[in-house]
Amino acid sequence: MRLDATQISRDKMGMSDRPATPQGPNVRAPEPLSGHFRVPGDKSISHRALILAAMATGTSRITGLLEGDDVLATAQAMRQLGATVCNLGDGVWEVGGCGPAGFKTPTHALDFGNSGTGARLVMGVVAGAGISAEFTGDASLSRRPMARVTKPLAQTGAQIEDNGTGRLPLTITGAAQPLPLDVAPEFASAQVKSAILLAGLGAPGKTTVREKHITRDHTENMLALFGAKISSQRSGAENIVTLDGHARLRAHDIAVPGDPSSAAFPLVAALIVPGSKLRLENVLLNPQRDGLIRTLTRMGANIKRCNERTEAGEPIADLDVAYSTLKGIEVGADMAPSMIDEYPALAVAAAFAEGTTHMAGLGELRVKESDRLAAVEAGLRENGVNVEAGTDSLSVSGGTPVGGACVTTHDDHRIAMAFLVMGLATQNPVRVDDTAMIATSFPNFFEAMAGIGARFDV
Ligand code: S3P
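Residues numbered from 1 in each chain as written. Predicted model: local features only at pLDDT ≥ 70, side-chain atom pairs only at ≥ 80, totals over all residues. Heavy atoms only, no water.

Remarks on the site of the ligand
Right, on to step 1. The immediate surroundings of the ligand are formed by Ser44, Arg48, Thr117, Ala188, Ser189, Ala190, Gln191, Arg216, Ile340, Asp341 and Lys368.
Right, on to step 2. The contact in question runs from an oxygen atom of the ligand to an N or O atom on the side chain of Ser189, over 3.0 Å.
Right, on to step 3. Ala190 has a polar backbone atom sitting 2.7 Å from an oxygen atom of the ligand.
Right, on to step 4. Protein contact buries 95% of the 380 Å² of open area that the ligand shows by itself.
Right, on to step 5. Where the shell around the ligand is concerned, the elements lending two or more residues are α1 (43-55) and α6 (190-200).
Right, on to step 6. A class-by-class count of the residues in the shell around the ligand yields three nonpolar, four polar and four charged.
Right, on to step 7. The residues that make up the shell around the ligand include at least three from each of domain 1 (3-41 + 257-451) and domain 2 (43-253). (Near = heavy atom within 4 Å. Polar contact = N/O pair within 3.5 Å; in protein donor to acceptor, adjacent residues only side chain to side chain. Areas by Shrake-Rupley, 256 points an atom, 1.4 Å probe, with all protein chains shown as cover. Helix = DSSP H or I, 4+ residues; strand = E, 2+ residues; numbered from the N terminus. Nonpolar A, V, L, I, M, F, W, Y, C, P; charged D, E, K, R; others polar. Domains from an automatic or database assignment.)

This is the structure we're talking about:
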């Protein structure tokens, strides 16, 4: 359902009473953002914690779980497969695992809502578990390509019924004795890699994934924590992951770190609203996820890492960030896997930088929750930014964006949040056509942003 347009402004300044003046002078002087920002739990790690805990023998306690709609869909899917999944409150969850061969064929379809990660990873689980399940999702997920996962899974002996669409809804029936795979995926995709590895848990012998460009390695890190024998051989950007099959996973407690993809929004907000100074707490800084921070730093952003530590096998730190004068740069295709979900936020930062930022290697953005390349291009252009998208690239020429337009989000949470943030610093308020889907990844976005002084009129 569409909500009424959301107007972005600062309550205290009474901005909502002011008419938008798309060509006018700078009519707004946003107050600086300040304070501490507790970043919600990492979405990728939350999915994996629920899935591996459900496959393990024993009870795992997960703290800091992201309670967004995407992750809740995975929790429900694990229940349908036979695991006990209990929400103890305050982000603490307990999962009683099914152990090897413990999953059962669910009586109803597994509905993953908007979540590509949940759907694709659990496809691997089902293929390796010798059970059968139907996979469904919302309109956005039903448009996204699934053959990148089902094609390799078919090589385990699993049967795939998708009427030749390569899309949801589809049914997977795992082979009674799945075969181990040795695959070089066509796409740099952690979801594809993870699905193959999760299927490999149920196969004999070694499963190998050969990545041309390393992607986020949370599945590998967490499989090791749960007792699987897994190794990675890296050479430059190439990465070969090998997993011993018929693994017996043992329950493990997981403290989920803060999501760098959600941290991107307050981070960029602080960089573009003059005078801002924030501390972002407990942010995951896995080298396969910190591309945005490295890129913004190259653009001149004042971001300092402090209190560096390790949790759940992952590097974490707090980030001190202050308003900065940014300059446009070249962002190579090699950066894409380490910041794939952060390009909408980066494009907004680039709209406030001096000069042009050119981003290459963005083909995968066309098959995310929306065609993000098209959505970002349209949203920036309508708000007065000089922007050009190619088939897999984006050029943004920065300055002081005028704002004043209503952005079509295409039901995409990251498009909505990126343009809400942009509206904090444009000359005129920016509107977005819907905000309901923000709950998929950042359920308390508005409260959290209000806590640092950002007020939105909803
Ligand atoms: C994810 C991997 C990425 C990312 C997605 C989460 C994961 O997708 O865009 O939001 O948790 O494995 P791809 O692996 O398809 O690039």
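On we go.
Overview of the pairing of strand β12 (residues 230-235)
In regular strands, side chains alternate between the two faces of the sheet.
Right, on to step 1. Two elements, β12 and strand β13 (residues 238-244), share six bridges in a ladder whose sense is antiparallel. Pairing of Ile230 across the sheet is with Leu243, part of β13.
Right, on to step 2. Hairpin connection, β12 to β13: the antiparallel pair is bridged by two residues, and Gly236 has positive phi, about 60°. (Pairing = 2+ DSSP bridges.)

Some thoughts on the sheet that holds strand β4 (residues 84-89)
Right, on to step 1. Reading across from one edge, β4-β5-β3-β14 is the order of the four strands in this open sheet, with mixed pairing throughout. Since the sheet does not close on itself, it has two edges, and those belong to β4 and β14 (254-255), each with one partner.
Right, on to step 2. Two strands pair when backbone bridges link them, and strand β3 (residues 59-63) and β14 are joined in this way by two bridges, in the parallel orientation. Within β14, the residue paired with Ile62 across the bridge is Ile254.

Observations concerning helix α2 (residues 69-81)
Right, on to step 1. Under the 1.5 Å per step criterion, the end-to-end length of α2 is 19 Å for 13 residues, consistent within 8% with the ideal 18 Å.
Right, on to step 2. Among all positions of α2, only Asp70, Val71, Ala73, Thr74, Ala75, Ala77, Met78, Gln80 and Leu81 are buried.
Right, on to step 3. Residues of α2 that are buried in the fold lie against α1, β4, β5 (92-96), β6 (110-111) and α3 (116-129).
Right, on to step 4. Immediately downstream of α2, the backbone of Gly82 shows phi near 120°, a positive value. (Expected span 1.5 Å × (residues − 1). Buried < 20%, exposed > 50% of the residue type's maximum accessible area, 1.4 Å probe, protein only. Contact = heavy atoms within 4.5 Å.)

Examining the domain arrangement of the protein
Right, on to step 1. Its domain assignment divides the protein into domain 1 (3-41 + 257-451) and domain 2 (43-253).
Right, on to step 2. If you average the C-alpha positions of domain 1 and of domain 2, the two centres end up 30 Å apart.
Right, on to step 3. At the junction of the two partners, domain 1 supplies 26 residues and domain 2 supplies 26 residues.
Right, on to step 4. Roughly 2200 Å² of surface becomes buried between domain 1 and domain 2 when both sides are summed, with 50% attributable to carbon and sulfur atoms.
Right, on to step 5. On the domain 1 side of the interface with domain 2, the three residues burying the most area are Gln288, Glu369 and Thr440, jointly 26% of the side's total.
Right, on to step 6. A salt bridge links Arg148 to Glu364; the nearest nitrogen and oxygen atoms lie 2.7 Å apart.
Right, on to step 7. Across the domain 1-domain 2 interface, the total number found is 13 residue pairs in polar contact (both at pLDDT 80 or more).
Right, on to step 8. In terms of residue class, the side of domain 1 that touches domain 2 is made up of nine nonpolar, seven polar and 10 charged. (Buried area = accessible area lost by both parts, 1.4 Å probe. Salt bridge = Lys/Arg side-chain N within 4 Å of Asp/Glu carboxyl O.)

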